[in-house]
Amino acid sequence: MSLQCGIVGLPNVGKSTLFNCLSNAKAQSANFPFCTIEPNVGVITVPDERLIKLGEICHPERGVIPTTVEIVDIAGLVKGASKGEGLGNKFLANIRETDAIIHVLRCFDDENVVHVDGTVNPVRDKEIIDAELQLKDLETVESRIQKCEKAAKAGGDKFAKLQLEVLVKYREALSQGKNARTVEPENKEQEAAARDLFLLTNKPVMYVCNVDERSAVTGNAYVEQVREAVKDEDAQVLVLAAKIESEIAELESYEERQMFLEEIGLEESGVNRLIKAAYALLKLRTFLTAGSDEVRAWTFREGMKAPQCAGVIHTDFERGFIRAEVIKYEDFVALGGEAQCRAAGKLGIEGKDYLVQDGDIMHFLFNV
């Protein structure tokens, strides 16, 4: 399941430094705008403590295999991008291809790192990018309105009429400087029509406040400004110090990294928190398979049923689905394995309508 989060922001806010921490792919990091021209794509392992526990119980021969999510580092945007300024056209084309946005905001002072607009102001930076994306969306909406009006009048196209209703709502919001995601569809039909538009400001977003080392635990005044600015948005705010994260990434052992985190007062690295949050932002969940051969995490979309999740492993599993055997993770760990869960009546038999839950340990029976 190839889904991507795009890392965006103004030049020199720490996007590429953060990407380097997330991925083994090393994006160029330099103290000037536009050093990232082509988007760098990293396949990132999703941290999941449940896998460690299952590995200790099952002792799998082939080991433990986590799930992944793709992170894309996109070129820095500048004012005027919607009109082609800087690398605007490249930026907007690349972000359109992603499923969610990680918006990095500079929330630290450092006279050695230049700011493209001269001063540090994360709320202004956010509004610059918002405005450019909104302008591009407004351009898209206006163009689609013209096409839908013609189709609705000429052929009585019902879908065109439905999409026109949604487009008019988007035009009103975007004209007022609001993001498309603030518009709530009235029904499922409008929701489907909205998805077909692929608007930039309709993508789910998470704001990452890149702070200095002293603010890594508590945040700072810049972070509070961001929280106040986005309080009415359906968005998460995450605080981390990219400089610290780059130091953690250079430590070789798990024990060294944990000692470092304890020294600065953090329970978990910002990178781990970011990956987990990005996974959730994409509305992704994890089901598990556990046995003597391997312990493995599998990604599925929230709301998927058992046959669809079986298809994540192999299309034949979905095509010939008979039933699923399900053990809750908590029961598996508490009782010490599959055999014990069977004996205790903690293994459920589920059919085609079963909604798979995060952390379910699954075994699929199929016939093709």
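Residues numbered from 1 in each chain as written. Predicted model: local features only at pLDDT ≥ 70, side-chain atom pairs only at ≥ 80, totals over all residues. Heavy atoms only, no water.

Right, let's get into the pattern of salt bridges. If you walk through the whole model with that rule in mind, you get 24 salt bridges. Where Arg50 meets Asp358, a salt bridge forms, and the shortest distance between an N and an O atom there is 3.0 Å. Within this pair, whereas Arg50 is found in helix H2 (residues 49-58), its partner Asp358 is found in the loop between strand E11 (347-350) and strand E12 (361-366), the two being separated by 308 residues in sequence. Accessibility expressed as a relative area gives 41% for Asp358, which makes it partly exposed. Here Arg214 ties to Asp212 by a salt bridge, and the two come within 4.0 Å at their closest N and O atoms. Judged by its relative accessible area of 76%, Arg214 falls in the exposed class. Judged by its relative accessible area of 21%, Asp212 falls in the partly exposed class. Among the ionic contacts, a cluster of salt bridges with common partners joins Arg62, Asp293, Glu294 and Arg296. (Salt bridge = Lys/Arg side-chain N within 4 Å of Asp/Glu carboxyl O. Helix = DSSP H or I, 4+ residues; strand = E, 2+ residues; numbered from the N terminus. Buried < 20%, exposed > 50% of the residue type's maximum accessible area, 1.4 Å probe, protein only.)

Bringing the state of the cysteines into the picture now. Considering all chains together, one arrives at 0 disulfides under this definition. Sulfur of Cys209: no disulfide; nearest cysteine sulfur belongs to Cys107 and is 3.9 Å away. (Disulfide = S-S within 2.5 Å.)

Right, let's talk about the nonpolar core for a bit. Core analysis: the biggest nonpolar cluster contains 59 residues, and Leu22, Ile71 and Ile102 have the highest contact counts within it. What Ile71 contacts, discounting residues up to four positions off in sequence, is Cys5, Ile7, Phe19, Leu22, Asn40, Val41, Gly42, Ile44, Ile102 and Ala278. Leu167, Ala193, Leu197 and Leu199 belong to the second-largest nonpolar core, a separate cluster that totals 17 residues. (Core = buried A, V, L, I, M, F, W, Y, C linked by side-chain atoms within 4.5 Å. Contact = heavy atoms within 4.5 Å.)

Applying the stated criterion across every chain yields a total of 5 aromatic pairs. Relative to Trp298, the ring of Phe287 has its centre 6.3 Å away and its plane inclined at 15°; by these criteria the two rings are stacked. In this pair, Phe287 sits in strand E8 (residues 284-290) while Trp298 sits in strand E9 (residues 295-301), placing the two residues 11 residues apart along the sequence. Residue Phe287 is classed as buried on the basis of its relative accessible area, which comes to 0%. Of the residues examined, Trp298 reaches a relative accessible area of 13% and is grouped as buried. (Phe/Tyr/Trp six-rings, centres within 6.5 Å; stacked < 30°, edge-to-face > 60°.)

Summarising the model, the protein shows a mean pLDDT of 85, and 89% of its residues fall at 70 or more. In the predicted structure, residues 25-37 sits below a pLDDT of 50 and forms 37 contacts with residues beyond four places in sequence or in another chain. (pLDDT = per-residue confidence, 0-100.)

With respect to burial, strand E1 (residues 4-8) is a largely interior element, 5 of its 5 residues being buried. Covered by surrounding structure in E1 are Gln4, Gly6 and Val8 together with Cys5 and Ile7, the residues of both alternating faces. As judged from the 4 bridges shared by E1 and strand E4 (residues 68-73), these two strands associate in the parallel manner. In the sheet register, Gln4 faces E4, and the bridge partner there is Glu70. With 4 bridges connecting them, E1 and strand E5 (residues 100-106) associate as parallel partners. Opposite Ile7, over in E5, you have Ile102 as the bridge partner. (Pairing = 2+ DSSP bridges.)

Moving on: helix H10 (residues 270-281). For H10, spanning 12 residues, the distance from its first C-alpha to its last is 16 Å, which sits close to the expected 16 Å at 1.5 Å a residue. Once H10 ends, the next one or two residues include Lys283, with phi positive near 60°. (Expected span 1.5 Å × (residues − 1).)

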